[in-house]
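In case you want the letters, here they are:
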Amino acid sequence: MLEIKALGHTYADGHRALTGIDLGLERGELVCLVGPSGCGKSTLLRCIAGLQRPTEGTVLLEGQAVERVPDGLAVVFQDYTRSLFPWLSVRDNVALVLRRRGLARAARRAAAEEALEAVGLAAAARKYPWQLSGGMQQRAAIARALAYRPQLLLMDEPFGSVDAQTREDLEDLLLSVRGDHGMTILLVTHDIDESVYVGDRVVVLTGAPGSVHTDLPVRLPSP
Ligand code: ADP
Ligand code: ADP
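We now turn to the structure provided with this report. Since this is a predicted model, take the numbers as computed values, not measurements. (Residues numbered from 1 in each chain as written. Chains lettered and ligands numbered in written order. Predicted model: local features only at pLDDT ≥ 70, side-chain atom pairs only at ≥ 80, totals over all residues. Heavy atoms only, no water.)

### So, the site of ligand 1
Quick reminder of the rule: We call a residue near a molecule or strand whenever a single non-hydrogen atom of that residue lies within 4 Å of it. Nitrogen and oxygen atoms within 3.5 Å of one another constitute a polar contact, given that in protein one can donate a hydrogen and the other can accept it, and given that sequence-neighbouring residues count only through two side-chain atoms. Only the protein chains shown count as cover for residues, and the accessible areas themselves come from Shrake-Rupley with a 1.4 Å probe. The numbering of helices and of strands both runs from the N terminus, where a helix is a DSSP run of H or I of at least 4 residues and a strand a run of E of at least 2. Classification convention: Asp, Glu, Lys, Arg as charged; Ala, Val, Leu, Ile, Met, Phe, Trp, Tyr, Cys, Pro as nonpolar; all other residues, Gly among them, as polar.
As a structural note, the neighbourhood of ligand 1 is formed by 13 residues, with His-15, Gly-38, Lys-41, Ser-42 and Thr-43 the closest of them. Taking His-15, its side chain carries an N or O atom lying 2.9 Å from an oxygen atom of ligand 1. At 2.5 Å, a side-chain N or O of Thr-43 approaches an oxygen atom of ligand 1. Here ligand 1 loses 65% of its free accessible area of 560 Å² to cover by the protein chains. With four residues, the single largest contributor to the shell around ligand 1 is helix 1 (residues 41-49). Partitioning the shell around ligand 1 into residue classes produces four nonpolar, six polar and three charged.

So this is what it looks like as structure tokens:
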């Protein structure tokens with residue numbers, strides 16, 4: 001569903017962040033992208049999301065070149081402080097994006113409450129972002145992305161701000177929703193353990209030119 005070919009990116013200041021990246025994602029897969037800080041993970045994610053135009057190569061989503069942020073896409077960024085609208089309740093933050101799905105108001109609110117419940121935030125639905133801890137704001141951002149039911153969910157180190165137990169719960173949540181409605185997930189992490197636990201595949205980005213390589217499938221067979 002996603003095909004990246006010979007992707008490269010050089011920033012305006014001449015800094016070369018990515019060279020010769022080839023990567024494909026199948027529908028319904030959960031792929032983890034790992035690599036050291038500064039190797040270009042966020043740059044790659046922004047190029048896939050249409051937030052940044054790569055200086056070389058192509059990104060095809062369902063065969064179409066990505067030139068702006070595609071409709072079926074949701075992104076969860078590492079920085080939760082800028083992801084929620086401060087003037088909307090947590091529930092309305094989640095419900096708002098569902099307008100693009102053409103849902104009526106009551107249906108949007110119901111879907112928002114369901115998604116908030118899935119991330120353990122049912123009790124915070126009527127609060128405002130500034131009344132929540134950082135980890136709770138990040139969970140709200142994750143609930144919003146999941147409620148949208150994107151074809152492709154991009155997550156850039158999404159669990160950095162949550163405690164260990166919540167992180168495990170959210171990892172299990174991702175495993176349970178992956179593949180639902182054909183959802184494909186690309187998760188950037190620097191945590192190898194996490195990538196092996198949640199990933200159908202782990203892709204390693206080392207920062208050297210053309211260095212993307214795909215590891216063996218790591219998922220154990222279902223019992
Ligand atoms: P990662 O997410 O793996 O930590 P990034 O994609 O954020 O890596 O960055 C890759 C490289 O590109 C780093 O060396 C970073 O300093 C540089 N970089 C990132 N954004 C910019 C920018 N806007 N302008 C110039 N260089 C940048
Ligand atoms: P992360 O560790 O999450 O990848 P960074 O700390 O590398 O993020 O970068 C934070 C922000 O600063 C990003 O938006 C990135 O694009 C920008 N940035 C990083 N390196 C540079 C750089 N050398 N020049 C300009 N902007 C940069």
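### Some thoughts on unusual backbone geometry
Quick note on the threshold: When a residue's accessible area, from a 1.4 Å probe over protein chains only, is under 20% of the maximum for its type it is buried; when over 50% it is exposed; and in between it is partly exposed.
Of note, the phi angle at Ala-6 is positive, near 45°, even though the residue is not glycine. Here Ala-6 lies in strand 1 (residues 2-10). The class for Ala-6 is partly exposed, based on a relative accessible area of 42%. For His-181, which is not glycine, the phi dihedral falls at a positive 50°.

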